[in-house]
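What follows is each chain in one-letter form.
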Amino acid sequence: MPPARWPCVRLLRRSHSAPVLVLERFSFGVGDRFAHQAKAQLQAFLQLQSQGVQVIPVWNKSNREHTFIGSEPQSVRDAAQSAVLHLKWPHAWHVDADHIRLQTVDRFLAPSDFFTIDVADSIGQPAPADQVAAFVKRHPELAGVCEIPGIAKPFVITAAEVARVATQYLSAVREAGEIFRHIASRKGGKEGFIAEVSMDETDAPQTPPELLIILVALADEGVPVQTIAPKFTGRFNKGVDYVGDLKRFRREFNDDLAVIRHAIARYGLPANLKLSVHSGSDKFSLYPIIRESLGRAGAGLHIKTAGTTWLEELIGLAESGGKALQLAQEIYAQALEHVDELCGPYATVIDIDRTRLPSAIAVRQWTGDQFASALRHIPGHPEFNPHLRQLLHVAFKLAAKQGRRYTDLLKANEAVVARNVTQNLFERHLKPLFLG
Ligand SMILES: [Zn+2]
């Protein structure tokens, strides 16, 4: 990757009461659902560092995950902290309160220093007409031909379009401001925190001109957003590759990078503002596109994964054989029995063809290697089964129900599990994204 034109810390033009913790150019979100793999995950970042690229680990876990597992946010920090100390990680690291809202943020305040402010539910709630009119009046520069360096075809945005987008997104932006100020008023210490705004869990993707208008509104609202997670075009199913038009994604991603650069320069947003890709894990065909685009633009990136590590735990247990394999097979059998219940909350982010799911009886006959090959995400491998993988991705709740039985087997087979966790993160994620 070419040398970064990444800014040094520049103070925000806008004054904020809250101290700002600055997120570095490259950061990568990992999920550690059962708080047993932080060390194995951090090993992958160390391997990358030994090859000359520094990427900051961010441990993310949403309120939904905590609720399903019955864990508390502090456990994420404790596991990460212990890995950092153990491996003597010399750089920054963060704990992300993922997809929090005003109703759920409080228990994340103490252990988190990164907050993903989720305002997707307010998107589309029409903003009051007077606020929309005031926004349009305040920003006459948005209407007309908008030439942004790096974008081949200038945007042509009418005043009516600015008003339409403002109507659709101003309530969400206001909510982001409200949540940001709530966090800021409670995390008043010197250490500060990182604010991300996420709009990905909604139906329609945001186009680059819409992203520009949203960023302008966030600047007006005084939210020092360091990462923004739009919804991109295409499908981001859980734990499997991207489904969509790669050319279109490339154009959209590059235009978004240009919009962000422009919004920083023109509207005083934090100089390190960058895109956050909520990947749903394992969007392998996007990685080379993202790497090239970042290199060309000298841009930063936050990319979030979740669940890819939990599946490596299952792979490691299967490979370990004996009781560990038996538990992996049982979890699959239970997942089949509860397929509707497990898939319900994730309906928009999974695509399972149930006729392609092997029977529980068949899976019970599998060797550990067969189980691992069906689950391990190696596209093109003859035994890889993306349907089984997606089902198990959303089945972590069943492992949580096993309590100590599950975590004791993780401990007993730590070496095999850890090897899989580290290799997956390094070889299949960090390397293609940052080394090529
Ligand atoms: Zn998300």
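Keep in mind that what you see is a predicted model, and the values were worked out from it rather than measured.

**Overview of the overall build of the chain**
- For the chain, the count of helices and strands is 17 helices and ten strands.
- Its C-alpha atoms give the chain a radius of gyration of 22 Å, within 12% of the compact-globule value 22 Å for 436 residues.
- For the C-alpha atoms alone, the extent of the chain along its principal axes is close to 70 × 45 × 45 Å.
- The proportion of buried residues among the 436 residues of the chain is 47%.
- Expressed as a percentage of contacts within the chain between residues at least 6 apart in sequence, the contacts between residues at least 24 apart total 80%.

**Here's the deal with the packing of helix H1 (residues 38-50) against helix H3 (residues 73-87)**
- With their axes 9 Å apart at the nearest point, H1 and H3 run at an angle of 50 degrees to one another. The pairing of H1 with H3 is recorded here as oblique in orientation. By crossing handedness, the relation of H1 to H3 is classed as right-handed. In this structure, H1 uses Ala-38, Lys-39, Leu-42, Gln-43 and Leu-46 to contact H3, whose residues at the interface are Ala-79, Ala-80, Ser-82, Ala-83, Val-84, His-86 and Leu-87.
- Partitioned by chemical class, the residues of the contact of H1 with H3 number eight nonpolar, three polar and one charged.

**Things to note about the environment of Val-132**
- Residue position: Val-132 is located in helix H4 (residues 129-138).
- Separated by 65 residues in sequence, Val-132 and Val-197 have C-alpha atoms that sit 20 Å apart.
- Residues contacting Val-132, with those up to four places away along its chain left out, are Ala-127, Ala-163, Ala-166, Thr-167 and Leu-170.

**Describing the packing of H1 against helix H17 (residues 414-435)**
- Contact pair H1 / H17: the axes reach a minimum separation of 8 Å and the direction vectors enclose 40 degrees. The pairing of H1 with H17 is recorded here as oblique in orientation. The way H1 lies across H17 gives a crossing that is right-handed. Facing Ala-40, Gln-41, Gln-43, Ala-44, Gln-47 and Leu-48 of H1, the residues of H17 in contact are Ala-418, Val-421, Thr-422, Leu-425, Phe-426, Leu-430 and Phe-434.
- Grouping the amino acids of the contact of H1 with H17 by side-chain chemistry returns nine nonpolar, four polar and no charged.

**Things to note about the domain arrangement of the chain**
- In terms of domains, the chain is made up of domain 1 (26-306) and domain 2 (310-428).
- Measuring from the centre of the C-alpha atoms in domain 1 to the corresponding centre in domain 2 gives 29 Å.
- Between domain 1 and domain 2, the residue contacts involve 23 residues of the former and 25 residues of the latter.
- Sorting the residues of the side of domain 1 that touches domain 2 by element identifies H1 and helix H2 (63-69) as the ones contributing at least two each.
- In terms of residues, the side of domain 1 that touches domain 2 owes the most to one element, H1, which gives six residues.
- Residue composition of the side of domain 1 that touches domain 2, grouped by class: ten nonpolar, nine polar and four charged.

**Regarding the sheet that holds strand S10 (residues 301-304)**
- Strand order in the closed barrel made by the eight strands is S1-S2-S3-S4-S7-S8-S9-S10, with parallel pairing throughout. If you compare each strand with its neighbour and ignore which way they point, the axes differ by 25 degrees on average.
- Note: strand S1 (residues 26-30) against S10, four bridges, orientation parallel. Residue pairing in the sheet places Ser-27 in a bridge with His-302 of S10.
- Across the sheet, helix H5 (residues 159-186) touches strand S4 (114-118) and strand S7 (194-198), and the angle it forms with S4 is around 150 degrees.

**Quick notes on the pairing of strand S2 (residues 56-62)**
- Extensive coverage of S2 is indicated by the burial of five of its seven residues.
- Running through H1, the crossover from S1 to the neighbouring parallel element S2 is right-handed.
- Relative to strand S3 (residues 94-100), S2 is paired through five bridges, and the arrangement is parallel. Each residue of the ladder has a partner; that of Ser-62, found in S3, is Asp-98.

**Overview of the pairing of S1**
- The element S1 is extensively covered by neighbouring structure, given that five of its five residues are classed as buried.
- Burial of the side chains of S1 extends over both faces: Phe-26, Phe-28 and Val-30 are buried on one face and Ser-27 and Gly-29 on the other.
- With four bridges joining them, S1 and S2 adopt parallel strand pairing. Pairing of Ser-27 across the sheet is with Ile-56, part of S2.

**Here's the deal with helix H9 (residues 308-320)**
- Under the 1.5 Å per step criterion, the end-to-end length of H9 is 18 Å for 13 residues, consistent within 8% with the ideal 18 Å.
- Following H9 by one or two positions, Gly-321 has its phi on the positive side, about 75 degrees.

**Remarks on unusual backbone geometry**
- A positive phi is found at Ala-35, a non-glycine position, where the angle reads about 55 degrees.
- On the basis of neighbour count, Ala-35 is assigned to the partly exposed category, with 18 C-beta atoms found within 10 Å.
- Residues other than glycine seldom take positive phi values, yet Lys-88 does so here, at roughly 55 degrees.
- Inspection of the secondary structure assignment puts Lys-88 in the loop between H3 and S3.
- Since 7 C-beta atoms lie within 10 Å of it, Lys-88 is described here as exposed.

Rules used in this analysis
Residues numbered from 1 in each chain as written. Predicted model: local features only at pLDDT ≥ 70, side-chain atom pairs only at ≥ 80, totals over all residues. Helix = DSSP H or I, 4+ residues; strand = E, 2+ residues; numbered from the N terminus. Rg over C-alpha atoms; globule rule 2.2 N^0.38 Å. Buried ≥ 20, exposed ≤ 12 C-beta atoms within 10 Å, placed from the backbone. Contact = placed C-beta atoms within 7 Å. Axes fitted to C-alpha atoms, helices over the stretch in contact; angles between N-to-C directions. Parallel < 35°, antiparallel > 145°, perpendicular 65-115°, else oblique. Left-handed = near helix turned anticlockwise from the far one by under 90°. Nonpolar A, V, L, I, M, F, W, Y, C, P; charged D, E, K, R; others polar. Domains from an automatic or database assignment. Pairing = 2+ DSSP bridges. Right-handed = clockwise from strand over helix to strand, strands pointing away. Expected span 1.5 Å × (residues − 1).

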